[in-house]
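Close look at the chain arrangement
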Amino acid sequence: MMITSRKVLMLEAKNFVLGRTVLTGTAFLLIFAAYGFFYGNHLIGQHQKTIHKIPQVQKEHLQEIVEHGSKATVGTTAYYPFFYTSNPPAPWARFAIGQRDVNPYTLKVKMLAIEGQLYDSELNNPLTLLVGNLDTSFIFIFLFPLLIIALLYNVISDEVESGVWKFVRTTTGSIGQTIAGKLLIRYTVVILITLAIFALSVIALQLPLTGPTFQLMLILLPYVLFWLLVGTLVVGMGKSSAFNATTLVCVWIFLAILFPGIANIAVNIAVPVPEAAETALRQREGYHKKWDLPKGPTMEKFYAVYPQYRKYPIAKDKYSPGWYYAMQFSGDLESAHSAVKLFEKLHQRQLFSETIGVFNPVITAQQALNKIANTDLASQVRYLESVRTHHRQIREYFYPFIFENVPTSNIDWAGYPAYKPVGYVAEPLASSVASIAVWNILLAACALFLFKINFIQSKDLQNA
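- Per an unreviewed UniProt entry, the protein carries the name DUF3526 domain-containing protein and comes from Dyadobacter sandarakinus.

Given below as structure tokens:
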């Protein structure tokens, strides 16, 4: 009996693997995956090319500025140059582009007040961009569930509707083993397709065989298992194929599209972020008002932070470069509180989005992939903070030359501290893995219960 069951199982596996659904679904996934590989390589390749050109562009730009201001002092010439910064992509950004295509990956800043220069683009809600690029992560997060739905929705109902299931129930030794065999075939095929496309992505995207690459798998396998269990749960209800397909598609639409949209609205209401505009406005107001005010209070604010410049005289009745840059710094001081609030709010948004993600593995998985790739909001905030640090280093390099009225041609304009990009940051993933694992355990328990009452016990009752 066992040998016969094994032969039947092998025959069903062969028919299933060679079936039109598996071949067509796999072919479509491969086509979309190929585009995802191309898109990831193309976009991140463009970023890398642009970043690679920055040192030469910076050098030529400074040379041009210095030549143009050769007869002026540093205080006059320092108004004009831009100082370039960049946010180099991690290798895994090709897999999960995240927010890299909407947030700036290079920023050029002047010696003027910094806050208004940081927020030229919106810092996006992590949930706003959940359904975004057709990159490789999109294939796994949004398209794989559709393949799983296509492979699972009629796993038993098709045989019930054709009348074959009655024959199976009367001839099989264990209906539980028969159902488990059918599900095992589909689970195995889906897992093998997942591993195959992931292996192709490692090759096509040139992902290094290091910890983060294996972390991608650590997220994707439980996520694929989640959708397999969702499909199993619906099949366990014992309904028709049409009911199963409709229910699973509705679940997919809710989890992948509607839920993130609703969550996005919830995050925007719960944690509004007006501080970006407020910070820029305060900085500009703080700067512009100083033109009409006595220079003494402005300089005192500057001297409180940089007392070493008090020894340089500042004319009270006419323009001076020292006062101008002190005024710019004063604008930043007046917007400092709003800037701190802004970054606190962004941190709160990230935490709130992750909390909401606990209720939806689609969100959890996408956020985890973006974390691994360093393409999430937290990575962008780290970049902005590094730009602010670099801006301070530039100011403090040029201040002595400005206050001493040194001629432009007498200093090394390339001698300021080099910008240090933020390196790769390994963010914790334990909560994401645990969240999906809990969902999987709950789904497995519910599915087992449904199969017992709808298929196994009903068969036992009939035999009795």
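1. As for the overall build of the protein
- Helix and strand counts for the protein come out as 17 helices and two strands.
- For the protein, the C-alpha radius of gyration of 30 Å lies well beyond 23 Å, the compact-globule estimate for 464 residues.
- Seen through its principal axes, the protein has C-alpha atoms that stretch 105 × 40 × 30 Å.
- A total of 464 residues make up the protein; the buried ones form 50% of that total.
- Considering only residue pairs separated by 6 or more positions, the protein has 84% of its internal contacts joining residues 24 or more positions apart.
- Carbon together with sulfur atoms contributes 65% to the accessible area of the protein, which is approximately 22200 Å² in total.
- Of the side-chain charges in the protein, 38 are positive and 29 negative, and the distance between the mean point of each set is 6 Å.

2. A closer look at empty space enclosed by the protein
- Within the structure shown, the criterion is met by two cavities of 30 Å³ or more.
- In this structure, the second largest cavity spans a volume of roughly 50 Å³.
- Around the second largest cavity, the lining residues are Asn-87, Gln-99, Arg-100, Asn-374, Thr-375, Asp-376, Ser-379 and Gln-380.
- Of the residues in the lining of the second largest cavity, the class split is no nonpolar, six polar and two charged.

3. Quick notes on the UniProt feature "transmembrane region" (unreviewed entry) in the protein
- The sites that carry the UniProt feature "transmembrane region" (unreviewed entry) are, in the present numbering, residues 21-39, 137-156, 184-207, 213-236, 248-271 and 429-451.
- With 80% helix and 0% strand, the stretch residues 137-156 has end C-alpha atoms that lie 31 Å from each other.
- End C-alpha atoms of residues 429-451 are separated by 33 Å, and the span's content is 96% helix alongside 0% strand.

4. Comments concerning helix α12 (residues 295-305)
- Turning to α12, its buried residues are Lys-295, Thr-298, Met-299, Phe-302 and Tyr-303. For α12, the buried positions fall inside an angular range of 135 degrees around the axis, keeping them on one side.
- Residues of α12 that are buried in the fold lie against α13 (321-334) and α16 (377-403).

5. Examining the nonpolar core
- One finds Phe-95 and Trp-227 to be the most contacted residues of the largest nonpolar core, which totals 70 residues.
- The dominant element in this core, judged by the number of residues it contributes, is helix α9 (residues 211-235), at 14 residues.
- Ignoring anything within four residues of it in the chain, the contact list for Phe-95 reads Asp-135, Thr-136, Ser-137, Phe-140, Phe-198, Ser-201, Leu-205, Leu-207, Leu-216, Leu-220 and Leu-369.
- Formed by 45 residues, the second largest nonpolar core is a distinct cluster that contains Leu-112, Ile-314, Val-381 and Val-387.

6. Quick look at the packing of aromatic side chains
- According to the stated counting rule, one finds 37 aromatic pairs in the structure shown.
- Centre to centre, the rings of Phe-95 and Phe-198 are 6.0 Å apart; their planes meet at 65 degrees, and the pair counts as edge-to-face. Residue Phe-95 is found in the loop between β1 (83-86) and β2 (106-109), and its partner Phe-198 is found in helix α8 (residues 175-204); the two are separated by 103 residues along the sequence.
- Residue Phe-95 is classed as buried on the basis of its relative accessible area, which comes to 0%.
- Ring geometry for Phe-254 against Phe-259: centres 5.8 Å apart, planes inclined by 90 degrees, an arrangement best described as edge-to-face.
- Taking relative accessible area as the criterion, Phe-254 reaches 40% and is therefore assigned partly exposed.

7. Focus: α13
- Here α13 contains 14 residues, and its C-alpha end-to-end distance of 20 Å stays within 8% of the 20 Å for a straight helix at 1.5 Å per residue.
- With 12 of 14 residues buried, α13 lies mostly within the body of the structure.
- Every buried residue of α13 is listed here: Pro-321, Gly-322, Trp-323, Tyr-324, Tyr-325, Ala-326, Met-327, Gln-328, Phe-329, Ser-330, Gly-331 and Asp-332.

8. A look at the environment of Leu-293
- With respect to the helices and strands, the residue Leu-293 is situated in the loop between α11 (275-288) and α12.
- A relative accessible area of 45% means that Leu-293 is categorised as partly exposed.
- When the C-alpha atoms of Leu-293 and Gly-173 are compared, they prove to be 93 Å apart, with 120 residues separating the residues in sequence.

9. Things to note about the pattern of salt bridges
- Scanning all chains against the criterion turns up six salt bridges.
- Arg-310 serves as the salt-bridge partner of Glu-300, at 3.2 Å between the closest nitrogen and oxygen. Taken together, the positions of Glu-300 in helix α12 and Arg-310 in the loop between α12 and α13 put the pair 10 residues apart, joining distant regions of the chain.
- By relative accessible area, Arg-310 is classed as partly exposed at 45%.
- Measuring nitrogen to oxygen at the nearest pair gives 3.0 Å for the salt bridge that ties Lys-301 to Glu-334. You can see Lys-301 sitting in helix α12 and its partner Glu-334 sitting in helix α13, a full 33 residues away along the chain.

10. Here's the deal with the side chain of His-47
- Counting through the fold element by element, His-47 comes out in helix α2 (residues 20-68).
- With relative accessibility at 4%, the residue His-47 sits in the buried group.
- Sequence-distant contacts of His-47, that is, excluding residues within four places in its chain, are made with Arg-100 and Tyr-105.

Thresholds, definitions, all that
- Residues numbered from 1 in each chain as written.
- Predicted model: local features only at pLDDT ≥ 70, side-chain atom pairs only at ≥ 80, totals over all residues.
- Heavy atoms only, no water.
- Helix = DSSP H or I, 4+ residues; strand = E, 2+ residues; numbered from the N terminus.
- Rg over C-alpha atoms; globule rule 2.2 N^0.38 Å.
- Buried < 20%, exposed > 50% of the residue type's maximum accessible area, 1.4 Å probe, protein only.
- Contact = heavy atoms within 4.5 Å.
- Areas by Shrake-Rupley, 256 points an atom, 1.4 Å probe, with all protein chains shown as cover.
- Lys, Arg positive; Asp, Glu negative; His and termini not counted.
- Charge placed at Lys NZ, Arg CZ, Asp CG, Glu CD.
- 1 Å grid on protein atoms, 1.4 Å probe; cavity = no way out; pocket = protein on both sides within 12 Å on 5 of 7 lines; lining within 4 Å.
- Points joined across faces, edges and corners; volume = space filled by probe spheres on them.
- Nonpolar A, V, L, I, M, F, W, Y, C, P; charged D, E, K, R; others polar.
- UniProt positions renumbered as here; feature names shortened; annotations may be inferred.
- Arc of directions from axis to C-beta.
- Core = buried A, V, L, I, M, F, W, Y, C linked by side-chain atoms within 4.5 Å.
- Phe/Tyr/Trp six-rings, centres within 6.5 Å; stacked < 30°, edge-to-face > 60°.
- Expected span 1.5 Å × (residues − 1).
- Salt bridge = Lys/Arg side-chain N within 4 Å of Asp/Glu carboxyl O.

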